[in-house]
Each structure stands twice: as C-alpha cells, then as structure tokens.
Amino acid sequence: MDPNTKITSLRMEHITKRFPGVLASDDISLSVGEGEVLALVGENGAGKTTLMNILMGLYQPDEGKMFINEKEVHFHSPNDAFAAGLGMVHQQYMLVPNMTVTENIALGYKKAWKGWKLDMKMVRDRIEEVSQTYGLAVDPDAFVWQLSVGEQQRVELVKTLCLGARFLILDEPTSALTPQETDELIVLLRKMTANLSIIFISHKLQEVSDLSDKVTILRHGAVVFNGNTKEHSSAEIASLMTGREIIMPENKETECSNIHALEIQHVNARSDRGYLALNDLNLTIHSGEIVGLAGVSGNGQRELAEVINGLRPVESGTITFFGKDITNKSTEEIIKEGMGYIPEERNTEGIVPPFSLKENFILKDSTAKRFTNGIFQNRASIAQNATTLKKDFDIRCPNTDTAAGTLSGGNIQKVILAREITRKPKFLVAVYPIRGLDLGAAQFIHEQLLAKRKEGLGILLISEELDEILALSDRVAVIFKGHIQQVLPRADADSRKLGMLMAGV
Amino acid sequence: MTNQFKILYKICIVLLAVLATMAMGAVILIAIGAPVMKTYAVIIFQPLQNIGLISEVLIRTIPLTIIALGIAVAYRSGIINIGAEGQMAMGILATTAVALAVPTLPKVILLPLVLLAGIAGGALWGAIPGLLKAKLQVSELLSTVMLNYIAEQFYTFCLRKPMLDPAEMTTGSGTPQSMRLTKNIWLTRFIPGTRLHTGIFIAIGFAILIYLLLWKTPFGYKMRAAGSSERAARYGGINVAKYLVIAMLFSGGFAGLAGAVEICGVHHRAIQGITSGYGFSGIVVALFGGLHPAGIIPAAFFFGLLLVGGNMTQNAVGVPANMVQVLQGVIILVIVATQMVLSNAYLMERVWKKTRRKEVAA
Amino acid sequence: MNVIVTVLSLAITSSVALLLASLGEMINQRAGIFNLGCEGIMSMGAFLGMLLPYAIGHGQATSQVYNVLGLLSATVMGALLGMFFGLVVITFRAPQGIAGIGLQMFGTGAAGTLFRHFVGGTQSIPGITTPPIPLLSRIPVIGPIFFSQNILVYVAFLLVPLSGYVLFKTPWGLAVRAVGTHPRAADSIGINVTRIRYQSLAVGGALAGLAGAYLSLCQAKMFSDSIVSGRGFIAVALVYFGHWQPVKIMWGALLFSLAQTFQTVIQSYGINFPYEFAVMLPYVLVIVVLAFDRESQRLGPTSLGIPFNREIRT
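Residues numbered from 1 in each chain as written. Chains lettered and ligands numbered in written order. Predicted model: local features only at pLDDT ≥ 70, side-chain atom pairs only at ≥ 80, totals over all residues.

Visitor: So what's going on with the overall build of chain A? Which residues, and what values?
Guide: Summing up its helical and strand segments, chain A has 17 helices and 24 strands in all. In terms of overall size, chain A behaves like a compact globule, its C-alpha atoms giving a radius of gyration of 25 Å where 505 residues would be expected to give roughly 23 Å. A principal-axis box enclosing the C-alpha atoms of chain A has dimensions of 75 × 50 × 45 Å. Buried residues in chain A amount to 47% of all 505 residues. (Helix = DSSP H or I, 4+ residues; strand = E, 2+ residues; numbered from the N terminus. Rg over C-alpha atoms; globule rule 2.2 N^0.38 Å. Buried ≥ 20, exposed ≤ 12 C-beta atoms within 10 Å, placed from the backbone.)

Visitor: Help me get a handle on the overall build of chain B, residues and values and all.
Guide: Scanning chain B from terminus to terminus reveals 15 helices and zero strands. Taking 362 residues into account, the globule formula puts the C-alpha radius of gyration at 21 Å, and chain B, at 22 Å, falls close to it. In terms of overall dimensions, chain B has C-alpha extents of about 85 × 55 × 35 Å along its principal axes. Within chain B, the proportion of its 362 residues that are buried is 52%. Counted over contacts in chain B with a minimum sequence separation of 6, partners at least 24 positions apart contribute 77%. (Contact = placed C-beta atoms within 7 Å.)

Visitor: Lay out the interface of chain C and chain A with the relevant residues and their values.
Guide: In this complex, chain C contributes 17 residues to the contact, which on the side of chain A involves 21 residues. Contributing elements (two or more residues each) for the side of chain C that touches chain A: α7 (171-181) and α8 (183-188) of chain C. Among the elements that make up the side of chain C that touches chain A, the one with the highest residue count is α7(C) (five residues). In terms of residue class, the side of chain C that touches chain A is made up of eight nonpolar, six polar and three charged. (Nonpolar A, V, L, I, M, F, W, Y, C, P; charged D, E, K, R; others polar.)

Visitor: Quick rundown of the interface of chain B and chain C? Include the residues and the values.
Guide: At the junction of the two partners, chain B supplies 38 residues and chain C supplies 39 residues. Breaking the side of chain B that touches chain C down by element, the ones donating at least two residues are α1 (3-31), α5 (107-136), α6 (140-160), α12 (278-288) and α14 (323-342) of chain B. For the side of chain B that touches chain C, the element with the highest residue contribution is α14(B), accounting for 12 residues. For the side of chain B that touches chain C, a count of residues per class yields 29 nonpolar, eight polar and one charged.

Visitor: Provide a residue-level description of the nonpolar core, including the pertinent values.
Guide: Counting 374 residues, the largest nonpolar core has Ile67(B), Leu20(C) and Tyr214(C) as its most contacted members. Considering each element in turn, this core owes the most residues, 17 residues, to helix α11 (residues 240-267) of chain B. Not counting residues up to four positions away in its chain, the partners in contact with Tyr214(C) are Val16(C), Ala17(C), Leu20(C), Leu152(C) and Gln219(C). (Core = buried A, V, L, I, M, F, W, Y, C linked by C-beta atoms within 7 Å.)

Visitor: So what's going on with the sheet that holds strand β12 (residues 222-228) of chain A? Which residues, and what values?
Guide: Residue and element names in this part refer to chain A. Read across the sheet, six strands follow the order β6-β9-β10-β3-β11-β12 without closing on themselves; strand pairing throughout is mixed. At either end of the open sheet lies a strand with only one pairing partner, and these are β6 (86-89) and β12. Put simply, the sheet's adjacent strands are angled 15° from each other on average, direction ignored. Relative to strand β11 (residues 214-219), strand β3 (residues 37-42) runs parallel, the two being bridged by five bridges. By the bridge assignment, leucine 38 is partnered in β11 with lysine 214. (Pairing = 2+ DSSP bridges. Axes fitted to C-alpha atoms, helices over the stretch in contact; angles between N-to-C directions.)

Visitor: Give me the sheet that holds strand β22 (residues 458-462) of chain A: which residues, what numbers.
Guide: Residues and elements named next belong to chain A. What the six strands build is an open sheet, ordered β18-β21-β22-β15-β23-β24; its pairing is mixed. Of all the strands in the sheet, the pair left with one neighbour each is β18 (339-342) and β24 (483-489). This sheet shows a mean twist of 20° between the axes of neighbouring strands, independent of strand direction. Bridge count for strand β15 (residues 290-294) against strand β23 (residues 475-480) is four bridges, and the pairing is parallel.

Visitor: So what's going on with the packing of helix α3 (residues 64-91) of chain C against helix α4 (residues 96-118) of chain C? Residues and values would help.
Guide: Helix-helix packing is characterised by the crossing angle of the two axes and by the distance between the axes. Residues and elements named next belong to chain C. Two numbers describe how α3 lies on α4: the axes approach to 10 Å, and their chain directions differ by 145°. As α3 runs across α4, the sense of the crossing is right-handed. Packed against α3, whose contacting residues are Leu81, Phe85, Val88 and Val89, the element α4 presents Gln96, Ala99, Leu103 and Gly107 at the interface. Here the contact of α3 with α4 is built from residues that sort into six nonpolar, two polar and no charged. (Left-handed = near helix turned anticlockwise from the far one by under 90°.)

Visitor: Could you give an account of the packing of helix α3 (residues 51-76) of chain B against α11(B), with specific residues and numbers?
Guide: Residues and elements named next belong to chain B. Contact geometry for α3 and α11: axes closest at 7 Å, N-to-C directions at 170°. Between α3 and α11, the angle is such that the two are roughly antiparallel. Of α11, the residues touching α3 (which contributes Ile59, Ile62, Pro63, Ile66, Ile67, Leu69, Gly70, Ile71, Val73 and Ala74) are Ala247, Met248, Phe250, Ser251, Gly253, Phe254, Ala255, Leu257, Ala258, Val261, Glu262 and Val266. Residue composition of the contact of α3 with α11, grouped by class: 18 nonpolar, three polar and one charged. (Parallel < 35°, antiparallel > 145°, perpendicular 65-115°, else oblique.)

Visitor: Give a description of the domain arrangement of chain A that names residues and reports values.
Guide: The domains assigned to chain A are domain 1 (9-242), domain 2 (249-330 + 425-505) and domain 3 (356-423). Computed from C-alpha coordinates alone, the two centres of domain 1 of chain A and domain 3 of chain A are separated by 41 Å. (Domains from an automatic or database assignment.)

Visitor: Break down helix α9 (residues 193-219) of chain C for me, citing the residues and quoting the values.
Guide: All names here are of chain C. Along its 27 residues, α9 runs 37 Å from first to last C-alpha, staying within 8% of the 39 Å computed at 1.5 Å per residue. Alanine 213 marks the point of greatest bend in α9, at about 25°. The buried fraction of α9 amounts to 25 of the 27 residues, a majority that puts the element mostly inside the structure. In the segment just after α9, lysine 221 is the residue with positive phi, at about 60°. (Expected span 1.5 Å × (residues − 1). Bend = angle between axes of the 7 residues up to and from the residue.)

Visitor: So, the pairing of strand β14 (residues 276-286) of chain A: which residues are in play, and what are the values?
Guide: Residue and element names in this part refer to chain A. Looking at chain direction, strand β13 (residues 260-270) and β14 are connected through seven bridges and run antiparallel. Paired with arginine 270 across the two strands is leucine 276, which belongs to β14. The hairpin turn running from β13 into β14, its antiparallel successor, is five residues long, and glycine 274 in that turn takes a positive phi close to 100°.

Visitor: I'd like to hear about the pairing of β11(A), residue by residue, with values.
Guide: Look at any regular strand and the pattern is simple: side chains alternate between the two faces of the sheet. Residue and element names in this part refer to chain A. Within β11, five of the six residues are buried, which leaves it mostly tucked inside the rest of the structure. Relative to β12, β11 runs antiparallel, the two sharing six bridges. Bridging across to β12, isoleucine 217 finds its partner in phenylalanine 225.

Visitor: Explain the confidence of the model for chain B to me, using residue names and the numbers behind them.
Guide: When pLDDT is averaged along chain B, the result is 90, and 99% of the positions lie at 70 or above. If you check the scores for this complex, the pTM reads 0.90 and the ipTM reads 0.91. (pLDDT = per-residue confidence, 0-100.)

Visitor: Can you explain the environment of Leu69(B)? Please cite residues and give values.
Guide: Residues and elements named next belong to chain B. Along the chain, leucine 69 turns up in helix α3. The exposure class of leucine 69 is buried, given the 33 C-beta atoms found within 10 Å. Once the C-alpha coordinates of leucine 69 and phenylalanine 254 are considered, the two residues, 185 residues apart in sequence, prove to be 7.5 Å apart. When sequence neighbours within four positions are dropped, the list of residues in contact with leucine 69 reads Phe206, Ala207, Ile210, Phe254, Pro293 and Ile296.

Visitor: Before we move on, could you go through unusual backbone geometry and cite the residues and values that matter?
Guide: A positive phi angle, near 45°, is found at Tyr432(A), a position not held by glycine. Within the secondary structure layout, Tyr432(A) lies in the loop between β21 (427-431) and α15 (439-454). In this structure Tyr432(A) comes out as buried when scored by C-beta crowding, with 23 C-beta atoms within 10 Å. The residue His243(C) is not glycine, and still its phi comes out positive at about 50°. Along the chain, His243(C) falls in the loop between α10 (231-241) and α11 (246-268).

Visitor: Describe the environment of Leu213(B), with residues and values.
Guide: Residue and element names in this part refer to chain B. Its location among the elements puts leucine 213 in helix α8 (residues 199-216). The exposure class of leucine 213 is partly exposed, given the 17 C-beta atoms found within 10 Å. Along the primary structure leucine 213 and isoleucine 71 are separated by 142 residues, whereas in three dimensions their C-alpha atoms are 14 Å apart. In contact with leucine 213, other than residues within four places in its own chain, are Phe219 and Gly220.

Next up, the structure:
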C-alpha cells in the first residue's frame, strides 16, 4: 500500500478465534472511521488483546474477514500488518533493553537493511522526521534501559510511526503512567487524530470518556455493546462490562489499633541491577489497619515486599515485627513469626504450578504437626485441608488433585489467598492482589481483605490502581524512587494529590 | 474430548517416538551398510537367550538403577547431574582405598564400611557442583562435565601410582590397576554359574527408599517443590540452596555407591574403564524411567539389554559397539521432544478437531 | 627462550579448535540457544575432516583438494547437526541442557561408529600443512610464533573481527541480538524468531564442525575417540567467560590452550610431574573461571535457554 494513503476506514467482521478450551473471540465485528478514536473495553480476559493481536497479524482468525479502506486484507504476520499501515503499542513495551532507540527502530525499518550493511543514518533521519512532524522528541542514542516508562512509551509511538503507521492500536496505554502523564498522553493522542485513527484498549472508564469517540464493549469474547461514547455514562459502561452491578467493597472504618505490627526504619536495599532501590525508607503499619502503597511501578515496590519477607538483603536500617527484629532473617523464620505474603507474580512466586491444589496449600506448612505423621506426610489431613479450603473459597476446578498451574488467574489467586489467610498470619503483605482478575474475583478478594482487617490483621497493600488503594486503605503512603514521600489519611488523599507525589513533586 | 481419544492420542505419540528413534539409528546403520532390523534384533533379543546372558544384563541393571535413582533425585530437585561418571570414579577410589587400608576387618564390618566409603567419595565429589551452584550460581551443566574429566585423570593417576598393584610393578606390564581386593568385601554371587551378585538387593532397596523419601516425607516434598518452581519454593520459605546441595550429595553418593557395588560385586579390584559410560547411561535411564523409581528399574533393565546387546553387534552384524552411544543420544533427544509434544494441550485439541471434522464429513 | 617460543607457538596452534567452536557457540547463544552438543558436532567434524583424505590416500599425501573437501564436508555436516538440534529445541521447545547432552552422545557415538567401520585403528594422515610466510617468519621470536602457522590458524583469527562485524554491524546480527534478548519484541516487529535461531544454530554448528576437522586435519593429523576430549564443552564455557564478545573469547581460547600445552611441555621435556595433573589443568581452570566470574551471568542474552512461544500469554 502506498505509504501516504490515509486509512479512512477499518472494519473487522464476524471474527472468531478459538484456543484450547477457550473461545477467545466470538463473532466480533467493529469499525473505525477516519480520524476516529475507538475504545475497546472489557474486563480482564474478555478478549481485547487477542482481538488486537489478530488485527496485527500475530494470530490468524478461525473465521471472519478484515477490511482496510474497503479492501479485504489477510495478515499472516506482523509484517503484513505494518505494510498495510497498522502499528501497535503493546501494554508491555516491545523494546530490547540493551539496545539504543535507533537500533530498536532499525530492527523493524527494513528499508535500512542493505545486505551486509545496516544504514543507521537512514534510520536516524527517519526518526528525526517523525519527531518533528508529531512533536515527539526522543534521544536516538539512549539505551532503552536508561529511559523512564513515559519516555519508553514515546519511543514506542515514534517506532510505530517510523514504520509507517497510519492507524494506531494502543493496549492499556496509561497503565504505567502517573495521572499527569496520562493527561499529557490524551492531549497528544487527540492531536494525532488529524492524521491517524486510533483503537485503544482500556478498563479505565475515565479515559474512555475523555479520549474516545466510539466504544465497543467485550464480555467473554463477544461484543455486548457498540456505540458513541458521549451518549453513555461511565456507570452504564461499567455495568455493561461486567453484566451486573458490581459494587466494589469500600473501607468505611475509622478505627484501628495502636499496636505497631510492622516498623520499617531507614531501610536501604539494592535492586538486581545494583542501584539503590530502597532509599532511607520509613513506614509503620498497625494491626487492624490497611496501608495502601501508591506509586508508579518500578519505584521500589517489589524490593520493599522482598525485604520484608527476607527475600532480599537489607543493606542498612531495621525492620521490626511486633517488636522483634526481623531484618535479614530467613524467609522461613519470618513466615514462622506470622508474616503472610501474596506475591506479585502469582504463577511463578505464589504457587508451584505442576503441584496439585492439595500440595500447594501446604507449601509453607509441610513440616507442621497437623500435616505429618512421624517422618511421613499425613495424606488424610492434607486432603481434608484442601477440600475445606476449596469449598470455603469457592475455587473452581475439577478436584483438589488438579495441577494448580492449569487454573484461571482468579482461581490461582484464591488458592494463594486461602493458603495465606487460613494460616492465621499476624500481618499480610498483598502485592497487586487483583491484577489481571475479573471484577467478580476482585470483589471476593477485597471482601476477604476487609473482613480480616476487621479481625485485627494489619495489611500492606501494594497496588498500581489508585481506585483500589483509595477504596481499601486507612492511610495511603506514596513511594517514589525507593523513598516514602508522604503518608496521608484516606480522607485527605485524592488522585490529583497522589499523582503529584507519585511523580516526585 | 473423550478419555478414549486422549489415551489413543498418547499411545500414537509414543509409537511415533519409538519409530523416530529407530529411524534415526537406522541412518547411521545404513551409512555403514549394516542390516537395520537385524541389528536391532541382536541388541534387544540376543541378550535374552540364556540365563548367563540375562544375568549379565542384570549385572548392568544394578549400577544403572542406582545411578539413575540419584540422577532422578537431583533432577526433581532442580539440578541436572551430568557428573555421575566422575562421582562413580571417586566412589571407586574411596572404596578401594579403604579396602586396601584395612583388609583384615571381618566382612560384616568391612563390607558396609567400604560401601559407605563409596557413598562418601561420590557424595563429596557431587557436593562440589552443588555448592558451586548454591553459593555462586555456577551452572551445574558445565561444572559437572569438567569434574568428570578431572576425576578421570585423577583416577588414572591413582591407579598408575599410589594404588598400583605391586604385582604389576614387578612384572612391569604397566596396566594401571589396583591389586585384587580382599574377599571380605566381595558381594556374594548367589546364582551359580553367573556373576549375578547380591548388589541387586541393594539396588531394589534403595529404589524403595527413594520412593518413600521423595513422595511420602515433607523432606522430599520440599526437594520436589524446589525443583519444580525454585522461586515459589523460596517465597514459601524453603531453603532452596540447602536442598540443592543435599540433592547433589544424594546424587553423587548414589553414583559412588554404584561404583562401590561394581567393585565389590563384579571386578573385585579397581581397573580402568569400570565407569565406561554408566554415568551418561544413567541419565538416559532416569529420563526413560520418568524420573520415578517404578519406571527406573525396568528402564535400567532395558538399557542393560542395550549395553550387552551392543557388545554383541560387532561379531553378529559388524556394527561397532559405539552404536549404543548413538542410540542413547537419539533416545534422549526423542524423549525430551516427546515430553513436550505430550504436554501440548493445544496440539491435542487441534488433532481432536481434525478427527471430528473427518467424521462429520464421512 | 626456546621453550617459551615453542610453548607460545603451540598455544596458538592448539587454540584454533577452541576459538572456532566458541565463536560459533557465541552466535547461537546470542540468539538465545546454548548448544552443549558442540562436543558431539566437533567429533563428527573431526571424523569427516579426515575421512576423504584417508579414503583416497590411505595415509599417503594426496591432492589438497581432498583436504579441502574434508573441511567442507565437516562444516556442512556441522551446520546440518546444528539445525537438527534446532528441530528439537526450537520446534519442539525441549530443554536445551539435556538435549545438548543427547546431541553430544549422538555425535560422538556416530563418529566412533563410522570411524571404526570406514577407517579403524590409529591411522595418521599428512593433513594440512602450509609453508611459513616468507620473510615475516624469519623475524626472531615473533616469526616462529605468529607467522609459521597453518593457514586455518589465520582463518580462525580473522573470524574474530569478522564475527564481531557480523554481530554488531549487519542487519542479521542486529536481529540475532534482539532475538536472544527480547524475542517477543523482535517477533512483534516482524522478525522471524524461529528462522533466525535456526540460522544461528547452523552457523554455530558449521564452525564447530570446522573446529573438529581442524583437530584431525591440522593439529593431531589423525582421529581417535579422545581427540575432542572436552574441547566442545570448554568452548561453551568460553562464551560465558568471554561475555559473548569475540575479542574476549579469543583471549579466553588462548588462555585455555596455554593451559593445555603444559601437558605437552612436561612430557616432551621429561619433567618428573604426573602428567595427569597437567591434563587436568584446563578443566580446573574452567571451573575456577566460572566460579569467580559471576558478573558474566548477568551480561548474557536475557532469553538464553528460554524457548520462544508466541501463544503464551504473559
């Protein structure tokens, strides 16, 4: 296709795609016109990313057709999609960290591939051209690992434009941005609609109404709604997304005890790459209190959760747990002291995927008296424990011998939650507990957390979703570059204020 | 998808795997102009002809079982032990040293002592890559292979110098070997006319032990968790590094025990070439046996068959004994590829849909 | 002085096999695949290298054409074996460590089987010898060390800057590096991850085959079961030691081959030191180096050893 033709219309008709045991796309049709912005909305697992991957040629549809400028198109690989003028910015950036911006773009800029020579000058010129046209400044010689998340996103945008995109697909573009960066991005995208049309995937209803002209709602792989954004309220869209009125639980309490459950004082710790991830970090959490930790991901949240649980060495400072010093103690000892932990990556850190549910429930208690019979394991009590937990936490799977790794995300999280909570911990560190879960599972988990809080459990809630933090926390702490900027009581916290703190202001 | 289809599908995959193995082996056989099916027949069936030959198969089954058990323990704990050759050699040296040092102790004490020495020798040699991985994150793949070569040289040195048979020194024939070791360590050969010895009971005993350890105790649970998902185990409070080293102690110790059993049961002296490939064959046996004692014992028998049959092919069909190594390599490649195919649910769905479409069309 | 000249000259000669195999392994590791079967490919290469020259000449000198054909056949077979390995670890996504051992056993066993059938015994061949470079080889000390070498030695050392150029300045090299570090990013931008990995294994295998042929045609001028004796594994270790960079790998190859020449020196000068300990030296060195250079773990291609699967949702 001529690189200068605008894309005036894009249509997907009756697209169907099946994966083993899952109907990912069920007879989906949508259309986007010239200069329009379409929001593709739905819960996690609704099929939004799959649909866009089909559009980009990464997957082939089992049924259905696609049309660009009224001509039918078939994409067998991303190269075909690029040639047709499509470009996608994925949720997790597709940039090679130890290469420069120019090299990353050269990777796709096939015109500069001249046999044995790579024409880097041609790539640089093209980057310059695009930067000027769209007002997107990037440093061509910077290594990607040196750039901030916002800067990397800009590189991704420049990349797709360099490769000739006249139609942009953005997957959760604001998930890693502060509120201010989000506003900037929305302004930028609106300007770009003069030259391009855009589809963006989101589950954040505010930006859907700020940015889009049309909205398509997916549920369980099928379209449940197609319409103009202006004509519908956020509440309407939310209920169409889930199919029912979901009211996420909220923390309305004001009291909590005075007991210092966890005291973190002047802690310094290094990241895997060797730089200081936690920088003179101070935080105190009481029993029966939920402290939400807000911050742009990558500011030390992971390292904080790890030092509390003995998974990362503390260089200096102390961590005290109910008066006892647990700094740099082993994970085993800390667990014995009563620490509970819902880790960030449920599949690789929370469960042993090939092990059955039964075996996963006793991960931290394999030597406990109630599960052993002398030197052998007590099969009966382990099985009983699993059956009870499966029932109480409504975990959906054939039976307790099923491998935990085959469960859906929500059910895996329930397994982890069940295990942690029923061990009667004295404190819980919950990291991104509802990430990637559908609203039903999320609601369940939040209800459990609030219930335990009432029973006196102190919780450190680490999350990227400001909504979640504002709904559940008694106090909100903001982390920036490994340091706690400020701790606000819930009444004083709003997303504007938090946004500024998260950006280091 | 019906259960019947699932079973049929898996059987077909396994059959294809067997065919692929035979085909790849056939490539080499055809290249040297040997009769393919006859060669395979010799390998599999000739060793079963009489009690004498079967006992020779069983004799090889013993060290293969013991080594494979050790490798399975290590593999399930997350560490791949390619160093069984070297660990076996070290076990032999330890056994020989003790037997040479205190030959007059009564059998009831000396035999268990030398077996323990063999275990200790192998365990210590196995601890090296274990510690290297636990403390310094050195890949065990490379360190165990290097230690094999180092042990091989050390073994030759010991047999050439400090442990050299005094008889060799006087006759000057220079074969590196130790002198005949005291009868007090000989394992009884309980079937007259054959070399089959009581080591077979040691092998079976340890198989049962490993089964109980890995699947019935919390200790084994932790090892398996550490091997299945190192991160989740760590996050669950399991000291992965500790279990890594323990796994290698087990693995090396078993290889050392296999060496000790070979000395006490078969050769009665330390000579060159005892380990000759048992360490690597043990890996194939472990994989073939599904890393489980119940599978390892028959797998070890099968590979014993392969080893004995492989020795006979030169005379029978003019195929050099190296062919066994070819087959072992092919079997490893086929096993790991087949495991991936069997665990691919997506593929099974696609095949299921294709068969259903054929039925609908018919 | 004479000893030092001999040692250094020998060190360069015996570093070639390590260098070639290691540069090849560097390429496929940069693309994300580590091939422990390198040792087996070298065995096959060693056998094929000498097969044709021996078959035609039976130990007597023959036309150089057959030597060249020997080298070529070893290189081509190496590429084929590399791609065969690719079938197992790329298409089937099998774990690379164990699969590598399988390939090693296959290659070594096949070489041994074929050798015993077609050649047998300890047959030596004249192999490849090149006359020393005129004038330059007469320079005292430097001359005998650097300029009186076999032609393949020069080829091997030329490959050092050449492989660096390919890896860092060509489009293919860029794709290889991307595929080894972030295959998902490469895939999303239209690079065929599978094809690049197969190609890198072909290159790696070809160089390993060539390295094996060098051993039989140029260094030992014969074939035996123990001709490779761990060089393939050392070559894999060298890639870590050299931080996946050609020049560092070259220094590593020279260092290890220096350690290997100790044994020869001891034996030829009749020093009363058990030669087994000298033979052990390179292997001990590998472990020492691996133990103390933990930095290298972090510097490697991030996706090394991880099979690529587009269908897996992260």
